[in-house]
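Summary of the model geometry
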Amino acid sequence: MKKEVNDEQLILQYAQGESAAFEVLYQRHKASLFRYCLRQFSSRAVAEECFQDIWMKIIRNRVSYKPKALFTTYLYRIATNQVIDLYRKEKKRLKDCEYNEESFDNLAIEAHATEQEHIERKKRLTELRKQIGLLPFEQRNTLLLKIDGGLSIEEIGLILDCGKETVKSRLRYATNKLKGSIRESLELERS
Amino acid sequence: MNIKSHLTKKDTLSDGLSVQLDEIEVILSEEPDLKPDSSLDKQILTAAYRETLDNKKREYLPKSVWKRLSLPLYISSGFVFTVLAYNSLLLEPLKIRENKDESSTIVKIETDDEIGHEQYKAQQHEKRELPIMESPEPVPDRVLTETNPVESSHNSALESGSELIQQGIYTGSEISKTDRPEKEAWARIIIGHFRNGQVEEARSELIRFKDAYPDYPIEEQIKVFNH
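Residues numbered from 1 in each chain as written. Chains lettered and ligands numbered in written order. Predicted model: local features only at pLDDT ≥ 70, side-chain atom pairs only at ≥ 80, totals over all residues.

Attention now moves to the overall build of chain A. Along chain A, the regular secondary structure elements total 10 helices and 0 strands. Across chain A, helices and strands are ordered from the amino to the carboxyl terminus as α-α-α-α-α-α-α-α-α-α. Within chain A, the proportion of its 191 residues that are buried is 39%. Considering only contacts within chain A whose residues lie at least 6 apart along the sequence, 66% involve residues at least 24 apart. (Helix = DSSP H or I, 4+ residues; strand = E, 2+ residues; numbered from the N terminus. Buried ≥ 20, exposed ≤ 12 C-beta atoms within 10 Å, placed from the backbone. Contact = placed C-beta atoms within 7 Å.)

Residues and elements named next belong to chain B. Within the element layout of this structure, Phe209 appears in helix H10 (residues 199-212). Of the residues examined, Phe209 has 20 C-beta atoms within 10 Å and is grouped as buried. With 22 residues separating them along the chain, Phe209 and Ala187 place their C-alpha atoms 7.7 Å apart. For Phe209, the contacting residues outside a window of four places in its chain are Trp186, Ala187, Ile190 and Ile218.

Turning next to the packing of helix H2 (residues 19-41) of chain A against helix H4 (residues 71-89) of chain A. All names here are of chain A. The interhelical angle for the contact between H2 and H4, taken along N-to-C directions, is 25°, at an axis separation of 11 Å. Here H4 runs roughly parallel to H2, going by the angle between their axes. Handedness of the crossing formed by H2 with H4: right-handed. Of the residues in H4, those in contact with His29, Leu33, Tyr36 and Gln40 of H2 are Leu75, Ala79 and Val83. Residue composition of the contact of H2 with H4, grouped by class: 5 nonpolar, 2 polar and no charged. (Axes fitted to C-alpha atoms, helices over the stretch in contact; angles between N-to-C directions. Parallel < 35°, antiparallel > 145°, perpendicular 65-115°, else oblique. Left-handed = near helix turned anticlockwise from the far one by under 90°. Nonpolar A, V, L, I, M, F, W, Y, C, P; charged D, E, K, R; others polar.)

On to unusual backbone geometry. Residue and element names in this part refer to chain A. Phi is positive for Asp161, close to 55°, though the residue is something other than glycine. Mapping Asp161 onto the fold places it in the loop between helix H9 (153-160) and helix H10 (164-190). By C-beta crowding, Asp161 is classed as exposed, having 9 other C-beta atoms within 10 Å.

Below you can see the structure in the form of structure tokens.
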């Protein structure tokens, strides 16, 4: 069985000119990164722009990458910086990042169960997304890095330049604020 | 890999926090698999391929080569410039420049008669221009010897020199030409001084002589006069 090449080796191979290595890398991380962008901005258009910019930065800076840390750390550090840049660039976009119900309504949710169940699921998911959108940026970013990026506390600390305890406290604050919507969804599930 | 083992340690989160995070994750996972559009995928992958192609083109002449060559090139060009400047500025006046003009150079060959005629003309011209100098009145010998001992010693030296002239060995004109006469003649002058009883003068000359010709065996020649 062919041994799987890790992310760090792939980006180094791409830096040496193997474009196929990049494709593998892209396929591995595109879904999680896109989710991260989409949940940061809520607007799909802005999220796509952000997503594209992040990958373009990876492509341009491929030679300067040094395998001192995991590739995911490198990727999400660039992503975080890009998100912050986009927030700062246009104040209008900052307003967009606040909860926009219409944008979430556009999200397609596959109907696995009955129509009623589908409506309930959609409702609780929308509520949770709304609550996430209302979180302060630092807490939201930490939470999304953990959930969407699948990063460890240490990796998040490296990306955000803060200690492990800070990361944990941000996660705790974020989850406490989301408790209400979580309970609601759980009650719905039980009933 | 060390980085990976270090960073992918299991997070030490409290049970409550990890449970809550799991719950959030479960709810969010119900969301359909959010993926970017295929057009966006194509754009990014095309950009990635294009960048590698550009990179391959650049590899023919990488910047690092120029960076490495910059210092040696700078030094060698500086050296070449210095050599050229030295040749052109310092040695140029000594070179005989070739006459690149098409006009011919006239060379006039003068005969001896013509040269003689020119010299004669020049002499005549000088004679006309130079003022006529009156000859100085002769100083009486008595005055020189009594009032000015230096002059008198000089006269005596001239006398000794006249002896040499008579012998056909040394002429007075040679003394005036050089500060240091030839060692043979000089030695004879010193001996002449000793012979005439001019001891002081002879000694001072002897000191100068020894400075000039330390290897010359003059001591043997003046041994007779040491008594």
